[in-house]
Amino acid sequence: MHGSEVRGGFQYPGKTYAGRFAHMPSANTCVACHDVHSTEVETDGCVACHRGVEDIRDIRTRHLDFDGDGQISGGIHTEIVGLQEQLYAALQTYAAEVADAPIGYATGTFPYFFNDINADGQISPDEAAFPNRYQSWTPRLLKAAYNYQVSKKDAGAYVHNPAYMLQLLYDSLESLSEQVDLGMSDLRRP
Ligand code: HEC
Ligand code: HEC
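How each quantity is defined
- Residues numbered from 1 in each chain as written.
- Chains lettered and ligands numbered in written order.
- Predicted model: local features only at pLDDT ≥ 70, side-chain atom pairs only at ≥ 80, totals over all residues.
- Heavy atoms only, no water.
- Donors = N, O, S within 2.8 Å, 3.2 Å for Na, K, Ca; no water.
- Tetrahedral: all angles 85-135°; square planar, octahedral: opposite > 155°, others 65-115°.
- Helix = DSSP H or I, 4+ residues; strand = E, 2+ residues; numbered from the N terminus.
- Buried < 20%, exposed > 50% of the residue type's maximum accessible area, 1.4 Å probe, protein only.
- Near = heavy atom within 4 Å.
- Polar contact = N/O pair within 3.5 Å; in protein donor to acceptor, adjacent residues only side chain to side chain.
- 1 Å grid on protein atoms, 1.4 Å probe; cavity = no way out; pocket = protein on both sides within 12 Å on 5 of 7 lines; lining within 4 Å.
- Sits in = over half its atoms within 2 Å of the grid points.

Enquirer: Looking at this model, I keep getting lost on the coordination of the iron atom of ligand 2. Mind explaining?
Expert: Ideal values differ by geometry: the angle at a metal is 109.5 degrees with four tetrahedral donors, but 90 or 180 degrees with six octahedral donors. Taken together, H23 (NE2) and H50 (NE2) make up the full set of protein donors to the iron atom of ligand 2, lying 1.9 to 2.0 Å away. Around the iron atom of ligand 2, the six donor atoms sit at angles spanning 87 to 179 degrees, and that spread fits a shape best called octahedral. Here H23 is found in the segment before α1 (30-33), whereas its partner H50 is found in the loop between α2 (44-49) and α3 (76-97), with 27 residues between them in sequence. With relative accessibility at 21%, the residue H50 sits in the partly exposed group.

The following block contains the structure:
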């Protein structure tokens, strides 16, 4: 939520990043949105301002096609997920082609990145074992993987600070694109 003020992501040198997301004053603190005890999100307040949405993931106030899929009808959540998927594919391409060691991600299994031994693009339960943790990092791969992990660990980033998350994902893709062939031309950085 605090963006570049706390540097939760890896920020690439020479780029500027969004600071704290200034939502409306009444939706600008953790406890304005989350119940203090259960941490559940109280969505009645959201839909009082964001009218006409069925699901809070459909909320959108900025209308550029950030992930380059030609669609701007979904929530800003769809743009973040779109870039996240492209970044995952890019990490795999880079790891296979440049580091010569295929990589995969296992949600919820420390330390998350593992050798994709059979290079099938998936991390199976036997591959997601600590001794098989990924260790063929290059500096470029580690930075981009760090930001992928930041995005995976904050499922609420599209509310907490969508611009900051879009910037981190875009810049990670851009960095990898200096070494492997990625279609960057349709992507937009906020
Ligand atoms: C504008 C409203 C809003 C504010 C402010 C806000 N959150 Fe959230 N937060 C959400 C919503 C909405 C989700 C759920 C996203 C989803 O699952 O689609 C969420 C999700 C989360 C999650 C769960 C993420 C997950 O993996 O499921 C945590 C933890 C969290 N918020 C912590 C915080 C903290 C700490 C703060 C203050 C620094 C904060 N939030 C501020 C709306 C808010
Ligand atoms: C008082 C009115 C108000 C309330 C309450 C409110 N919002 Fe917002 N929200 C806004 C405004 C205005 C913006 C645009 C802010 C900006 O871009 O500077 C916004 C932006 C957003 C965005 C970013 C959209 C985009 O395209 O980047 C999301 C997501 C969002 N709100 C979700 C929520 C959720 C979820 C809640 C309830 C937990 C909530 N909002 C409560 C007024 C509100």
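Enquirer: Can you help me understand the site of ligand 2 in this one?
Expert: H23, C46, C49, H50 and R62 are the nearest of the 19 residues found near ligand 2. In this structure, H23 approaches ligand 2 through a side-chain N or O atom, which is 2.7 Å from a nitrogen atom. H50 is positioned with one of its side-chain polar atoms (N or O) 2.8 Å from a nitrogen atom of ligand 2. Judged by the fraction of its atoms near the pocket grid, ligand 2 is located in the largest pocket.

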